[in-house]
Protein chains: 2
Amino acid sequence: MENRIRISLDAMGGDNAPEEIVNGAINALNLRNDIEVILVGCEDKIRASLKAKSYDNNRISIRNTTEVIETSEHPVKALRTKKDSSMVVGLKMVREKEADAFVSAGNSGAVLAGGMLLVGRVKGVERPPFAPLIPTEKGVSILLDCGANLDPKPISMVQFAQMGSVYMEKVVGIPNPRVAIVNVGAEEEKGNKKIQDAIELLKQCDNINFIGNIESREILKGGADVIVTDAFTGNVILKLIEGVASTLMSEIKKGLMSTLRSKIGALLIKPALKKTLVKFDATEYGGAPVLGLKGLVVKTHGNATRKEISNAILQCVTFQEQRITEIIEDMMRPAEEVKSDE
Amino acid sequence: MENRIRISLDAMGGDNAPEEIVNGAINALNLRNDIEVILVGCEDKIRASLKAKSYDNNRISIRNTTEVIETSEHPVKALRTKKDSSMVVGLKMVREKEADAFVSAGNSGAVLAGGMLLVGRVKGVERPPFAPLIPTEKGVSILLDCGANLDPKPISMVQFAQMGSVYMEKVVGIPNPRVAIVNVGAEEEKGNKKIQDAIELLKQCDNINFIGNIESREILKGGADVIVTDAFTGNVILKLIEGVASTLMSEIKKGLMSTLRSKIGALLIKPALKKTLVKFDATEYGGAPVLGLKGLVVKTHGNATRKEISNAILQCVTFQEQRITEIIEDMMRPAEEVKSDE
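Residues numbered from 1 in each chain as written. Chains lettered and ligands numbered in written order. Predicted model: local features only at pLDDT ≥ 70, side-chain atom pairs only at ≥ 80, totals over all residues. Heavy atoms only, no water.

Participant: Just checking my understanding: could you explain the sheet that holds strand 6 (residues 140–144) of chain A for this structure?
Facilitator: What links the strands of a sheet is backbone hydrogen bonding, and the strands pair in either a parallel or an antiparallel sense. All names here are of chain A. Ordered in space as 5-6-9-7-8, the 5 strands form an open sheet in which the pairing is mixed. The open sheet is flanked by strand 5 (133–135) and strand 8 (209–214), the only strands paired with a single partner. The mean inter-strand angle of the sheet, taken between neighbouring strand axes irrespective of direction, is 30°. Bridge count between strand 5 and strand 6: 3 bridges; the pairing is antiparallel. By the bridge assignment for strand 6, isoleucine 134 is matched with serine 141. (Pairing = 2+ DSSP bridges. Helix = DSSP H or I, 4+ residues; strand = E, 2+ residues; numbered from the N terminus. Axes fitted to C-alpha atoms, helices over the stretch in contact; angles between N-to-C directions.)

Participant: Would you take a moment to explain the pairing of strand 3 (residues 60–64) of chain A for this structure?
Facilitator: Working note: regular strand, side chains alternate between the two faces of the sheet. Residue and element names in this part refer to chain A. Examined bridge by bridge, strand 2 (residues 35–41) and strand 3 share 5 bridges and lie parallel to one another. If you follow valine 40 over to strand 3, its bridge partner there is arginine 63. In this view, the connection linking strand 2 to its parallel neighbour strand 3 by way of helix 2 (residues 43–50) has right-handed handedness. (Right-handed = clockwise from strand over helix to strand, strands pointing away.)

Participant: It is not clear to me how the sheet that holds strand 4 (residues 101–104) of chain B should be interpreted in this structure. Could you clarify?
Facilitator: Residues and elements named next belong to chain B. Taking strand neighbours across the sheet as the criterion, the 6 strands line up as 3-2-1-4-11-10 in an open arrangement whose pairing is mixed. On the outer flanks of this sheet lie strand 3 (60–64) and strand 10 (288–290), each paired with one strand and no other. Across this sheet, the average inter-strand angle for adjacent strands is 25°, counted without regard to direction. Taken together, the 3 bridges between strand 1 (residues 5–10) and strand 4 define a ladder with parallel strand orientation. Of the residues in strand 4, the one forming a bridge with isoleucine 7 is alanine 101.

Participant: Help me understand the interface of chain A and chain B in this model?
Facilitator: Interfaces are frequently sized by the accessible area removed from exposure as the parts join. The interface is formed by 54 residues belonging to chain A together with 54 residues belonging to chain B. Interface area lost by chain A to chain B is led by Phe232(A), Lys239(A) and Leu240(A), which between them contribute 13%. One can count 4 salt bridges joining chain A with chain B. Between Lys239(B) and Glu215(A) there is a salt bridge, with its nearest N and O atoms 2.5 Å apart. Elements that contribute at least two residues to the side of chain A that touches chain B include exactly helix 8 (231–256) and helix 9 (260–278) of chain A. Among the elements that make up the side of chain A that touches chain B, the one with the highest residue count is helix 8 of chain A (22 residues). When the residues that make up the side of chain A that touches chain B are grouped by side-chain class, the tally is 28 nonpolar, 16 polar and 10 charged. (Contact = heavy atoms within 4.5 Å. Buried area = accessible area lost by both parts, 1.4 Å probe. Salt bridge = Lys/Arg side-chain N within 4 Å of Asp/Glu carboxyl O. Nonpolar A, V, L, I, M, F, W, Y, C, P; charged D, E, K, R; others polar.)

Participant: Got a minute to help me understand the nonpolar core in this structure?
Facilitator: Within soluble globular proteins, side chains that are nonpolar generally end up buried alongside one another. Counting 209 residues, the largest nonpolar core has Leu39(A) and Leu39(B) as the members making the most contacts within it. Those residues within four positions of Leu39(A) in sequence are excluded, and the remaining contacts are Leu9(A), Ala11(A), Val22(A), Ala25(A), Ile46(A), Leu50(A), Ile60(A), Ser61(A), Ile62(A) and Arg63(A). Ile269(A), Leu273(A), Ile269(B) and Leu273(B) belong to the second-largest nonpolar core, a separate cluster that totals 12 residues. (Core = buried A, V, L, I, M, F, W, Y, C linked by side-chain atoms within 4.5 Å. Buried < 20%, exposed > 50% of the residue type's maximum accessible area, 1.4 Å probe, protein only.)

Participant: Would you mind showing me how to read unusual backbone geometry here?
Facilitator: Peptide bonds are, in most cases, trans, and in most cases residues other than glycine have a negative phi. The peptide bond linking Leu144(A) to Asp145(A) adopts the cis configuration, its omega dihedral lying at 20°. Note that Asp145(A) resides in the loop between strand 6 and helix 6 (154–172). Cis peptide bonds are those with omega within 30 degrees of zero, and the linkage from Ala17(B) to Pro18(B) qualifies with -5°. Inspection of the secondary structure puts Pro18(B) in the loop between strand 1 and helix 1 (19–31). Located in the positive-phi region is Asn176(A), a residue other than glycine, with phi close to 50°. Taking the relative accessible area as the measure of exposure, Asn176(A) reaches 52% and is therefore exposed.

Participant: In this structure, what is going on with the packing of aromatic side chains? I would like to understand it.
Facilitator: The description of an aromatic ring pair rests on the distance of the ring centres and on the angle between the ring planes. All names here are of chain A. In total, this model carries 2 aromatic pairs over all chains according to the counting rule given. An angle of 45° between the planes, with centres 6.0 Å apart, marks the rings of tyrosine 167 and phenylalanine 319 as tilted. In this pair, tyrosine 167 sits in helix 6 while phenylalanine 319 sits in helix 10 (residues 306–321), placing the two residues 152 residues apart along the sequence. Residue classification places phenylalanine 319 among the buried positions, given a relative accessible area of 4%. (Phe/Tyr/Trp six-rings, centres within 6.5 Å; stacked < 30°, edge-to-face > 60°.)

Participant: Explanation requested: the packing of helix 6 of chain A against helix 10 of chain A in the structure shown.
Facilitator: Two quantities define a packed helix pair, namely the angle between the helix axes and the distance between the axes. Residue and element names in this part refer to chain A. Axis separation between helix 6 and helix 10 bottoms out at 9 Å; the angle between their running directions is 105°. In terms of their interaxial angle, helix 6 and helix 10 are classed as roughly perpendicular. Side by side, helix 6 and helix 10 meet where Tyr167, Lys170 and Val171 of the first sit next to Gln315, Thr318 and Phe319 of the second. (Parallel < 35°, antiparallel > 145°, perpendicular 65-115°, else oblique.)

Participant: What is the right way to read the side chain of Glu251(A) from this model?
Facilitator: With respect to the helices and strands, Glu251(A) occurs in helix 8. The buried category is assigned to Glu251(A), whose relative accessible area is 4%. There is a polar contact of 3.0 Å between the side chain of Glu251(A) and the side chain of Lys254(A). Excluding its chain neighbours within four sequence positions, the residues that come into contact with Glu251(A) are Glu137(B), Thr276(B), Lys279(B) and Phe280(B). (Polar contact = N/O pair within 3.5 Å; in protein donor to acceptor, adjacent residues only side chain to side chain.)

Participant: Could you clarify how one ought to interpret the pattern of salt bridges in this entry?
Facilitator: For side chains of opposite charge, pairing can occur when their charged atoms come near one another. In this structure the tally under the stated criterion is 46 salt bridges over all chains. Among the ionic pairs, Arg32(A) bridges to Asp34(A), the shortest N-O distance being 2.8 Å. By relative accessible area, which is 26% here, Arg32(A) ends up partly exposed. The partner of Glu20(B) in a salt bridge is Arg306(B), with the nearest N and O atoms 2.9 Å apart. Of the two residues, Glu20(B) sits in helix 1 while Arg306(B) sits in helix 10 (residues 306–321), which places them 286 residues apart along the sequence. Owing to a relative accessible area of 13%, Glu20(B) belongs among the buried residues under this scheme. Given a relative accessible area of 41%, Arg306(B) falls into the partly exposed group. By sharing partners, the salt bridges in this structure join Glu215(A), Arg217(A), Lys239(B) and Glu242(B) into a single network.

Participant: Got a minute to help me understand helix 8 (residues 231–256) of chain B in this structure?
Facilitator: Residue and element names in this part refer to chain B. With 26 residues, helix 8 extends 37 Å between its outermost C-alpha atoms, agreeing within 8% with the 38 Å of an ideal straight helix rising 1.5 Å per residue. Burial within helix 8 is extensive, with 19 of its 26 residues counted as buried. By the N-cap criterion, in which a side-chain oxygen at the helix start approaches the backbone nitrogen of a residue two or three places on, helix 8 is capped by aspartate 230, the distance to phenylalanine 232 being 2.9 Å. (Expected span 1.5 Å × (residues − 1).)

Participant: How should I be thinking about the relation of the copies chain A and chain B in this particular structure?
Facilitator: Each of the two chain copies can be generated from the other by rotation about an axis followed by a shift along it. Each copy of the sequence occupies a distinct position, and chain A is placed on chain B by a rotation of 180° and an axial shift of 0.0 Å, giving an RMSD of 0.1 Å. Taken together, the turn and the small shift mark the pair as related by a two-fold rotation axis. For chain A, the smallest separation between a C-alpha atom and the rotation axis is recorded for Gly265(A), amounting to 2.0 Å. Here 100% of the contact residues of chain A are again contact residues in chain B; the copies associate through an equivalent surface. (Least-squares fit on C-alpha atoms with pLDDT ≥ 70 in both.)

Fair warning: the whole summary comes from geometry, so function is off the table for now.
Structure follows, in structure tokens:
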């Protein structure tokens with residue numbers, strides 16, 4: 001019992017709640033014996049979703065809540081007024097050590113702000129970054145920040161690099177991950193003053209493998225494992241990848257349906273194409289962690305289905321097993337404090 | 001003779017110079033009778049490329065130069081030291097009214113800086129933006145700035161909006177083009193102080209059709225005709241579109257070649273797919289203009305072939321016919337000056 005990893009799961013968040021959230025939980029429980037899920041939300045609705053399904057009921061419990069923070073609501077205001085929402089209650093469980101991690105497909109801003117306000121930052125972390133994983137030709141990279149830090153200080157960007165490196169090495173399993181900063185050219189002197197300052201600090205940082213600038217065209221080619229940027233640029237990158245992929249796929253599909261010949265061809269290529277595209281399917285990678293908090297908080301896509309929810313839960317297990325929070329705590333302790341401990 | 005539009009064409013710029021540059025010029029001359037091209041570069045090489053080709057030699061001439069600015073060179077330094085380069089001589093021809101427009105596939109930084117230094121800004125234009133056209137689901141949009149203004153003032157962004165609107169309306173033929181600013185959300189209060197200030201000014205500007213924010217995922221969907229942003233974000237967007245498209249296409253191709261069944265399918269879909277992808281072929285749209293200069297300067301892709309060069313030349317004709325420079329001059333004149341003229 002003691003070694004089980006406890007996930008508080010926002011059963012009311014996202015487009016497919018609670019049905020697919022509950023299904024994701026059951027899926028994860030079936031894959032691993034050392035997980036326990038607390039479904040946070042409207043008990044009646046959760047019971048209805050659980051009904052007639054087979055699962056280990058020793059490892060699923062329900063924490064009833066009466067309110068829901070909608071995707072359209074102002075994050076901080078909603079967190080303040082809806083004290084009995086699945087989001088607020090689920091996050092507080094992490095703070096109170098009733099859960100090791102919180103997973104939600106709900107309001108992104110509320111997950112981020114709630115992580116900061118209700119779970120709290122690790123001492124020394126300036127700004128906890130929101131860090132989605134991006135599928136690339138070579139595997140997967142982490143992009144940080146995609147959260148609320150539109151104008152981060154250069155020192156924050158160094159912390160993004162450090163925390164992202166720990167995540168990629170320990171959770172994703174990439175040894176000595178390559179760190180790069182998004183810039184408008186490969187040459188070192190590119191970018192504005194702030195980027196120049198960040199580059200200087202990144203070069204001096206001895207616990208990361210900084211390889212220099214990355215131009216955006218190299219991101220999906222897998223040009224770096226840890227991609228550091230401000231949240232404005234991070235948001236633009238994340239949404240643009242989504243937009244370009246969606247437009248290209250929809251135009252290709254239209255093209256394939258345009259003639260009889262191409263329709264037959266489309267049937268023939270379907271299995272191979274599907275296999276290719278699975279590689280770029282973000283749901284494979286679970287959710288985006290908020291790094292640098294006192295406990296793990298993970299945000300999945302708003303339209304997440306059972307597979308993504310299940311993967312996000314499994315991701316929390318690795319995070320917990322690898323003691324990422326403790327590693328980040330050690331990393332962020334100022335040198336003098338470390339010294340006086342010894 | 002008097003009504004001919006004269007293009008000074010950098011015969012030495014880009015990966016395929018001079019052969020494809022010369023071919024592009026011949027192509028454009030064959031399509032229209034009212035163009036005259038001055039090929040600027042090494043006369044011997046240009047003559048070798050022209051040899052045995054059929055063209056109207058009354059409308060092609062050569063301006064011999066002895067130096068070439070390479071793509072890898074520092075733009076401003078190269079412009080200063082290589083006075084007899086095709087770039088410097090070609091740009092100066094626009095300043096001296098020996099040509100109406102300059103087209104180059106060479107060093108982007110040098111085209112931009114050279115446009116500013118050698119052709120000169122229209123009075124009142126803070127920063128001439130580099131403004132590529134982006135193919136979208138609905139047609140084409142203009143993205144500005146993608147040049148050197150990494151941290152433009154809000155007032156510069158308003159000028160980008162104004163000049164981009166003129167271009168889209170007069171050259172591309174979109175009436176009342178929709179202007180949007182790149183931001184991290186649809187809501188008006190998103191973004192940092194600088195974006196907030198720019199939004200305020202854009203709302204007050206009465207000669208543009210400002211529709212608010214655009215999130216990057218809507219860009220290829222054709223969410224706006226004129227997309228305003230700083231050059232850092234513009235660069236990230238431009239290169240990321242290129243990168244995502246290239247990665248997706250190469251992965252799809254790999255997938256199609258993976259089984260016999262998919263190979264047969266690939267043959268069947270090829271014509272339809274080709275037709276679809278032509279829509280997203282940037283070479284269709286010629287080059288990216290630098291707006292707000294005293295004459296037209298157009299940069300094509302470094303790997304431009306004859307079609308793109310030819311389209312870039314035709315684009316200059318429309319620009320000239322529509323008197324874009326004059327419209328921008330009128331637009332940028334301060335109100336009091338306009339008054340005293342009347």
